[in-house]
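Analysis of the macromolecular model
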Amino acid sequence: MGKLGKKARKFARKNLQSVLKRKRKLKSMFKKKGSKRDEQDGAQNIEEDQIGKFNGRDLEGENIDDAALDAVFSDESDVVEDDSESDGYLSEDSGFAHLDENGSESNQEDMDADNDGASDLLVQNREILLELTEKKKKLERLQTKYSDEDNTSDDDTENSRKGSVNLRMDKLLTSSAFNSLCQLVREQHNISALTSLLNGYRAACHYGTELSGLLDVGSCYGLKDSKTLSKILIFMLQEADNIFRETLGISCSSCKKETILELKNSSKWKTMKPLIKSYLRSTLFLLNQVTDSEILAFSLVRLRASIIFFAAFQPLLHRLIKIAVHLWVTGEGTLSSHSFLVIKDVTSVFSSDCLDSCLIKTYKAFVGHCKFVDPVSSKHIQFLRDSFIELCSLDMQNSSRKAMVCVEQLSKILQAGLRTKKKEAVKRICSWQYTNCIDLWVSFISANIQDYDLQPLLYMIIQIINGVAVLFPGPRYLPLRLKCIQWLNNLSSSSGVFIPVTSFALDILEYKTSKDNGNTGKDFNFSSSVKLPKHWLKSRNFQEKCVSSVIELLAMHFAQWSYHITFPELATIPLIRLRKFHETTTIESFRRVVKQFIDKVEENIEFVQRKRDEVAFSPKDHQPVESFWQLEKSSANAPFTQYYKSIMEKAASRNLVMNQKISSLFQKKSKRRKRQLPNNTVHVGANDENGSEEKKVDLSIDNGRDGKMRKKRKT
């Protein structure tokens, strides 16, 4: 690339935004020299920071605002976007095949791709030249616009205000013309016909967004009626990928990005590139506009088949990831599942190129979406958690590093709460966002610790859970404490590491409750709360929940170690505290449940004691001790095993009934709120030539909250 002239450099220095932005950035890097006193203060601060880090204290961690859960990852807002100034319509001239949508020759783009490793000066010159080219194009378009206005009548000027796109096409795409174009494309792979269909598809995807107000169907650019609009949407989504693959000679089963990269210098690719890009851009735009979940899911399924074509369009690939992550976290049911499959396929096809971006974006989306939990959204959050763990399993080495960074951030927030005890710091820990993040990484560790070395991550998350349990010991935080014990039990079961939980569980039995046992209280869902209301502490249900939860959690803990040779010693102290509670409580139902648990534990102690008397090795022989545990566990003869199964079955049935009651109440409240909302939807009919209603896809227009028109589907 030649050196820019004097006038071009002068123009760039004065007018180009990128140059001015770069100047401001460089200017901010130079700071005035401070006084000697400032230098001494700075040196002292640096020394204090180093001492604090050496002593394990993060002095900057006291700033709570900087301890956001997703602040560990840099903002990716500077991702390269598709900066094309083109309106997206393809030229239907014969020579369009050798031009991209920017109007520049394709060999120029290939030359830019070959110069990716050039020096910084060449990169800056290229940016300046591109900005000059864009400004020149804008001036040419303005000149053409004013010249057209001088040569047209007042009526033409009024029509041009409805949208610049109406100036580009003289004919509407009727149903008969659409059928003819489809036949040409299917039978002959006619490029001109495909170009017209793609322009019509682009108009259909942008329907209702480029024109202000609600207009008649006939005013939609390039389309005669909504029937044709529906047909072209369905046809292009169903057939576009097959057409592209057949024209380029790519098999339907091929899903490697190298297939596209090898075709970049071929004449076929130069012809098909603008067509493929137009299809991908229009479909991505459609995903941003449509609100109907069925249309979104269908579009994602078809776009997923064309993922390999994104290898040639990196800005569009980044846009696809952003849209898929958004639909994954905000969608429901099938839509969220299809969105995740798109994300997973992107990471599989583009591997390390996009895995980091997908992991960061999905984690940030999860953190931002799990701030509030109700009985309905809890299932969706569980799906988000499980799908994120599945995504992490594609590259465990990379995922474990990111997991360590995220868990360290959780530890930083907990340390700030334990050290300062400030209301803001404590509130941040006792929140759904914080607990859902802990639950996410507990599930990640539990799913992968048997196959990968995650011991440092395991011990760090155990310390965090213990810290949370210590920070919130009161009865109002019973749901949070129960979650902590469940996390520790899950980690112990998956890793095989003994984690003491009996003290956390037995402390619940010592909560002071009201003596008024007549008040049963309303049903309360512990799975959708981290803190109890004060009035619920005085109810009989609270006392029953405390006792039943302690029995279930201790049963889970003892069942894991019921075959271990040290079980008699493990159960000694818990039995002492349980006998004390059995003697002091005056409620007969509690006494009966606790007495049954004590009896089963004592039976298991006698069982292990008999087996232990038969062995000849000592406790210090670790290998025989481990073999004893595995042998007895495989036989499943311990008395406590059957008792544990019955306890878990009763707990599952009880929770199922409770969740159904609360979910029904929640749905009734939601229906009442929806009935109170006004209906501002405006429908546009879709009748065929004979007057009968179109059954396949009936698109209507809905004015959303942001004032933009949205497409809906009505069957």
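Note that this is a predicted model, so its numbers are computed, not measured.

Reading the values: rules and limits
- Residues numbered from 1 in each chain as written.
- Predicted model: local features only at pLDDT ≥ 70, side-chain atom pairs only at ≥ 80, totals over all residues.
- Heavy atoms only, no water.
- Helix = DSSP H or I, 4+ residues; strand = E, 2+ residues; numbered from the N terminus.
- Buried < 20%, exposed > 50% of the residue type's maximum accessible area, 1.4 Å probe, protein only.
- Contact = heavy atoms within 4.5 Å.
- Areas by Shrake-Rupley, 256 points an atom, 1.4 Å probe, with all protein chains shown as cover.
- Core = buried A, V, L, I, M, F, W, Y, C linked by side-chain atoms within 4.5 Å.
- Domains from an automatic or database assignment.
- Expected span 1.5 Å × (residues − 1).
- Salt bridge = Lys/Arg side-chain N within 4 Å of Asp/Glu carboxyl O.
- pLDDT = per-residue confidence, 0-100.
- Axes fitted to C-alpha atoms, helices over the stretch in contact; angles between N-to-C directions.
- Left-handed = near helix turned anticlockwise from the far one by under 90°.
- Nonpolar A, V, L, I, M, F, W, Y, C, P; charged D, E, K, R; others polar.
- Disulfide = S-S within 2.5 Å.

1. Examining the overall build of the chain
The number of helices and strands found in the chain is 28 helices and 2 strands. Out of the 715 residues in the chain, the part that is buried amounts to 43%. In the chain, once contacts between residues fewer than 6 apart in sequence are set aside, the share between residues at least 24 apart is 73%. Entry remark: accessible area of the chain is about 39,800 Å², with carbon and sulfur atoms responsible for 50%.

2. Some remarks on the nonpolar core
With 166 residues, the main nonpolar core has Trp 441 and Ile 461 as its most contacted residues. The element contributing the most residues to this core is helix α23 (residues 540-561), with 11 residues. Taken domain by domain, this core gets at least three of its residues from each of domain 1 (173-206 + 225-305) and domain 2 (491-672). In this structure Trp 441 touches Tyr 363, Phe 388, Ala 403, Cys 406, Val 407, Leu 410 and Ile 461, once residues within four positions along its chain are discounted.

3. Quick word on helix α19 (residues 432-448)
Side chains that are three or four residues apart share a direction in an α-helix, a result of its 3.6 residues per turn. With 17 residues, α19 extends 24 Å from end C-alpha to end C-alpha; this agrees with the ideal 24 Å at 1.5 Å per step. Of all 17 residues making up α19, 14 are buried, and the element is well covered by its neighbours.

4. Here's the deal with the pattern of salt bridges
Per the counting criterion, the structure on display carries 13 salt bridges. A salt bridge links Arg 577 to Glu 510, with the shortest nitrogen-to-oxygen separation between them at 2.9 Å. On the criterion of sequence distance, the pair formed by Arg 577 in helix α25 (residues 572-584) and Glu 510 in the loop between α22 (502-506) and α23 is long-range, its members being 67 residues apart. The class for Arg 577 is partly exposed, based on a relative accessible area of 25%. On the basis of relative accessible area, Glu 510 is assigned to the exposed category, the value being 53%. Salt bridges sharing common partners tie together Arg 385, Asp 386 and Asp 439.

5. Let's talk about helix α16 (residues 377-392)
The end-to-end C-alpha separation of α16 is 23 Å, in line with the 22 Å expected for 16 residues at 1.5 Å each. The complete set of buried residues in α16 reads Ser 377, Ser 378, His 380, Ile 381, Leu 384, Arg 385, Ser 387, Phe 388, Ile 389, Leu 391 and Cys 392. Along its buried surface, α16 packs onto α13 (314-330), α14 (334-350), α15 (352-369), α17 (396-420) and α19.

6. Side note on the confidence of the model for the chain
The pLDDT averaged across the chain works out to 75; a share of 65% of its residues lies at or above 70. Between residues 156-170, whose pLDDT stays under 50, and residues either more than four places distant or in other chains, the model counts 18 contacts. The low-confidence segment residues 211-221 (pLDDT under 50) makes 29 contacts with residues lying over four places distant or belonging to another chain.

7. Concerning the packing of α13 against α14
The N-to-C vectors of α13 and α14 enclose an angle of 145°; their axes lie 8 Å apart at closest approach. α14 is crossed by α13, and the crossing has left-handed handedness. The residues of α14 that touch α13, namely those facing Leu 317, Leu 320, Ile 321, Ala 324, Val 325, Leu 327 and Trp 328, are Ser 336, Ser 339, Phe 340, Val 342, Ile 343, Val 346 and Phe 350. Here the residues of the contact of α13 with α14 are counted per class, giving 12 nonpolar, 2 polar and no charged.

8. Side note on the state of the cysteines
Two cysteines form a disulfide when their sulfur atoms are joined by a covalent bond. Applying the stated criterion across every chain yields a total of 0 disulfides. The thiol sulfur of Cys 392 is not disulfide-bonded, and the nearest other cysteine sulfur, from Cys 406, lies at 8.8 Å. According to the relative accessible area criterion, Cys 392 is buried, its value standing at 1%.

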